[in-house]
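Commentary on secondary and tertiary structure
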Amino acid sequence: MNTPRNDEPWVDRAVALLQQSADGLDAATLSRLNRARQAALAQPRHARHLWWGVATTCAVALVLAVGIARRELPSPPALPVQDSGAIDALAADDDNPDMVDDLDFYAWLDAQQHDDEG
């Protein structure tokens, strides 16, 4: 039997003890061990196929979930646009000087609303 060499003395001693104990086994025990080994080696193939099936199913579910999440949602309905004449009326109102000071802001806001429509 080929045994890998290890720098640790305890590993070499453990391998030697295991080899000695295996050398003393009778034929019936060796046969049972060989059948158990063959059965154990046959199982991972099935488990490996099962693992790939589970992994593939998870990958497909993830792709579908990401695809659904990244889909474009419909745009919300547009708010009604008021006539820019309302801004002019506010600007002409002498009773509201704060609105006159912010006339540039209201003009910009009106332009933004028109940009969103087009």
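Values in this document were obtained by computation on a predicted structure and should not be read as measured data. (Residues numbered from 1 in each chain as written. Predicted model: local features only at pLDDT ≥ 70, side-chain atom pairs only at ≥ 80, totals over all residues. Heavy atoms only, no water.)

A short note on the overall build of the protein chain
Broken down by element type, the protein chain carries five helices and zero strands. Walking the protein chain from its N terminus toward its C terminus, one meets helices and strands in the order α-α-α-α-α. Approximately 10800 Å² of the protein chain is accessible, and the part contributed by carbon and sulfur atoms is 60%. (Helix = DSSP H or I, 4+ residues; strand = E, 2+ residues; numbered from the N terminus. Areas by Shrake-Rupley, 256 points an atom, 1.4 Å probe, with all protein chains shown as cover.)

Considerations on the confidence of the model for the protein chain
When pLDDT is averaged along the protein chain, the result is 76, and 69% of the positions lie at 70 or above. Averaged pLDDT values for the elements of the protein chain fall to 58 in helix H3 (residues 85-92) and rise to 86 in helix H1 (residues 9-23). (pLDDT = per-residue confidence, 0-100.)

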